Amino acid sequence: AELGVERRFVPESCPRAVRPGDFVRYHYLGAFPDGSRFDSSYDRGSTFNVFVGKGQLIAGMDQALVGMCVNERRFVKIPPKLAYGSEGVPGVIPPNAVLHFDVLLIDLWNSEDEVQVQTYFKPEKCPRTVQVSDFVRYHYNGTFLDGTLFDSSHNRMRTYDTYVGIGWLIPGMDQGLLGMCVGEKRIITIPPFLAYGEDGDGKEIPGQASLVFDVVLLDLHNPKDGIAIENQLVPESCERRSQTGDFLRYHYNGTLLDGTLFDSSYSRNRTYDTYVGKGYVIAGMDEGLLGVCTGEKRRIIIPPHLGYGEEGRGKIPGSAVLVFDIHVVDFHNPSDSVSITVHYKPSNCTVLSKKGDYLKYHYNASLLDGTLLDSTHSLGKTYNIVLGSGQVVLGMDMGLQDMCVGERRRVVIPPHLGYGEDGVEGEVPGSAVLVFDIELLELVSGLPEGYMFVWNGEVSPNLFEEIDQNHDGEVLLEEFSEYIQTQVDTGKGKLAPGFDFEKIVKNMFTNQDRDGNGKVTVEEFKLKDQEAKEEHDEL
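Residues numbered from 1 in each chain as written. Predicted model: local features only at pLDDT ≥ 70, side-chain atom pairs only at ≥ 80, totals over all residues. Heavy atoms only, no water.

Visitor: I keep staring at helix α11 (residues 501–512) and nothing clicks. Help me out?
Guide: Residues spaced three or four apart along an α-helix face the same direction, because each turn holds 3.6 residues. An ideal rise of 1.5 Å per residue puts 16 Å on twelve residues; α11 measures up with 17 Å between its terminal C-alpha atoms. Buried within α11 are the following residues: Ile504, Val505, Met508, Phe509 and Gln512. All buried residues of α11 fall inside an arc of 130° around its axis, so they share one side. Exposed side chains of α11 directed beyond 90 degrees from the buried face belong to Glu502, Lys503 and Lys506. (Helix = DSSP H or I, 4+ residues; strand = E, 2+ residues; numbered from the N terminus. Expected span 1.5 Å × (residues − 1). Buried < 20%, exposed > 50% of the residue type's maximum accessible area, 1.4 Å probe, protein only. Arc of directions from axis to C-beta.)

Visitor: What is the right way to look at the nonpolar core in this model?
Guide: The nonpolar side chains of a soluble globular protein tend to be buried with one another. Of all hydrophobic cores here, the largest spans 26 residues; its most connected members are Val24, Tyr26, Met61, Leu65, Leu99, Phe101 and Val103. Looking at this core, the elements that each hand over two or more residues are β2 (23–31), α2 (59–65), β5 (73–78) and β6 (99–109). Residues within four places of Val24 in sequence aside, it is in contact with Val18, Phe48, Asn49, Val50, Val52, Leu65, Leu105, Asp107 and Leu108. Ranked by size, the runner-up nonpolar core spans 25 residues in total, among them Leu169, Ile170, Met180 and Phe213. (Core = buried A, V, L, I, M, F, W, Y, C linked by side-chain atoms within 4.5 Å. Contact = heavy atoms within 4.5 Å.)

Visitor: Can you help me understand the environment of Glu465 in this one?
Guide: Checked against the element boundaries, Glu465 lands in helix α9 (residues 463–467). Given a relative accessible area of 43%, Glu465 falls into the partly exposed group. Between the alpha carbons of Glu465 and Val522 there is a distance of 8.7 Å; along the sequence they are 57 residues apart.

Visitor: Would you take a moment to explain the domain arrangement of the protein for this structure?
Guide: Often the size quoted for an interface is simply the accessible area lost on bringing the parts together. As far as domains go, the protein holds domain 1 (4–109), domain 2 (116–221), domain 3 (228–332), domain 4 (339–444) and domain 5 (453–529). Summarising the inter-unit geometry, the C-alpha centres of domain 3 and domain 4 are found 32 Å apart. Contact with domain 3, which involves eight residues of that partner, is made by ten residues of domain 4. When residues of domain 3 are sorted by the area they lose upon contact with domain 4, Arg249, Asp330 and His332 head the list and together hold 55% of the total. (Domains from an automatic or database assignment. Buried area = accessible area lost by both parts, 1.4 Å probe.)

Visitor: What am I meant to see in the side chain of Asp357 here?
Guide: With respect to the helices, strands and loops of the structure, Asp357 is situated in the loop between β19 (339–344) and β20 (358–367). Setting aside its immediate chain neighbours within four residues, Asp357 contacts Leu352, Ile385, Val386, Leu387, Leu443, Val444, Ser445 and Gly446.

Visitor: Please clarify how the UniProt feature "domain: PPIase FKBP-type" (unreviewed entry) in the protein should be interpreted in this entry.
Guide: As annotated by UniProt and renumbered to match this structure, "domain: PPIase FKBP-type" (unreviewed entry) occupies residues 21–109, 133–221, 245–332 and 356–444. A distance of 9 Å separates the end C-alpha atoms of residues 21–109, which is 12% helix and 38% strand. Secondary structure across residues 245–332 comprises 11% helix and 40% strand; the distance between its end C-alpha atoms is 9 Å. (UniProt positions renumbered as here; feature names shortened; annotations may be inferred.)

Visitor: What is the right way to read the pattern of salt bridges from this model?
Guide: It is possible for side chains bearing opposite charge to pair when their charged atoms get close. Evaluation of the coordinates by the stated rule reveals 28 salt bridges. Arg7 serves as the salt-bridge partner of Glu72, at 2.7 Å between the closest nitrogen and oxygen. In this pair, Glu72 is assigned in the loop between α2 and β5 and Arg7 in strand β1 (residues 4–9), connecting sequence segments 65 residues apart. On the accessibility criterion, Arg7 (44% relative accessible area) is partly exposed. (Salt bridge = Lys/Arg side-chain N within 4 Å of Asp/Glu carboxyl O.)

Visitor: Explain the packing of helix α10 (residues 477–489) against α11 here, please?
Guide: How two helices pack is summed up by the angle between their axes together with the distance between the axes. Between α10 and α11, the shortest axis-to-axis distance is 10 Å and the interhelical angle comes to 120°. What the angle tells us is that α10 and α11 run oblique. Crossing geometry of α10 relative to α11 is assigned as right-handed. Along the contact surface, α10 presents Leu477, Phe480, Ser481, Ile484 and Gln485, while α11 presents Phe501, Val505, Lys506, Met508 and Phe509. Of the residues that constitute the contact of α10 with α11, the class distribution is seven nonpolar, two polar and one charged. (Axes fitted to C-alpha atoms, helices over the stretch in contact; angles between N-to-C directions. Parallel < 35°, antiparallel > 145°, perpendicular 65-115°, else oblique. Left-handed = near helix turned anticlockwise from the far one by under 90°. Nonpolar A, V, L, I, M, F, W, Y, C, P; charged D, E, K, R; others polar.)

Visitor: Looking at this model, I keep getting lost on a nonpolar patch on the surface. Mind explaining?
Guide: Taken together, the side chains of Val132, Ile166, Trp168 and Leu178 present a nonpolar region at the surface, about 380 Å² in accessible area. Tracing the backbone through its elements, the reader meets Leu178 in the loop between α4 (171–177) and β11 (185–190). (Patch = residues over 30% accessible without salt bridge, like charges linked within 9 Å, V, L, I, M, F, W, Y side chains within 5 Å. Areas by Shrake-Rupley, 256 points an atom, 1.4 Å probe, with all protein chains shown as cover.)

As structure tokens, this is what we get:
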């Protein structure tokens, strides 16, 4: 005679129960006391959707649904007076029938509901939140209120990418995403009138369905964004900042806005080398590398329209904001020359180094960021060269000019005057600016340009006869070499310093042996000034 309600399953969590005026979606089996079934929503493949407490149901069901939770299961016994009474339903329910209903509540909402947002993770740092017209990339799991999954971006292994607040999304999602931080995780519950309404989406989502989205925000930008720069380390001394047209060498870690690493120069153990401001790199990096100092560390945040755009590249998804943590190793300009800074110059500095001089010096060689490459001090011996003879890189030949013994200077050499784009494998990186701290210890004056040997006094008028020791009218290399050695040993002549004696003498002999037969005759033998005079006469 009375309404009977048996709660056969009650979920542990019941954030909300049915109240009069609520709209519900539920499945049911309808049967008579003898077990014979008269109706089933399962057979129709769709829930029964109705307002509670508004007279749209038989009175017993209107009462039995009140207080139910989503996913709760109730067994309901409804007497005739609260069902179809003495009239019944012709052909379906006889008069005065007691009805049994096995009810499972699937969904519940009210026309006064709003979007519900529950944040269950929020990063400590949240420099920016989603605003209207922002473009976002997020992952989500979409379920109904009973937990049934209807869609997931994770399953597609691709984020959902969209503008917010301009009508590209259902209204409830447009609202639910506002105020999110990158990395934030929230659950957004949306009533059907802010989702797909009475008709559903025609596919997976039925009409009048509440939707629950478990969202993690991965990326966020606005089409009006420029790059953002965060200075992490700026050296105290910054004599020069990068400009358009400069060539930079830098290390970087490239990540997405959620911290996912997509590339790193460190992993390749090689800097990234490029011109700046000339379109060799993405537009945002071109801009972000301007104004840096050697040794500076900065973070460059690049929106996708200044990065790899909607298409992305490789490990970089489309429409992704990029974060580059860079460390500038060095930079130069192709128009740069050698830079010389004198740290110490003796008071008596009258003899200056010039082309052809033989120099002995100590040096420490490093990169522009201070990385030590080489040092003569560690070897315990000086470095010895003939200035201007090509024994060192061109920049060093230039940097050692006009230096006096005891002087100390710093010479900065751009790569086009150093080891160029290739560098020295295992020692000097390609396109590296070199820094040499030099101290000149000894200087032996060289000979005039073009001379390998000069006389310190008058030249003998019988020079050929003196060299031709056996007086056979021919001078062999051995005779020539012995004679030159004697002149040097007795102080009568001087060889160009810094060169191998045998090579110089052989070179001098070859110049005299004009017919190349290994012998010099009196007709072939000529001094330097005699050769110059004959050439002048011929002209």
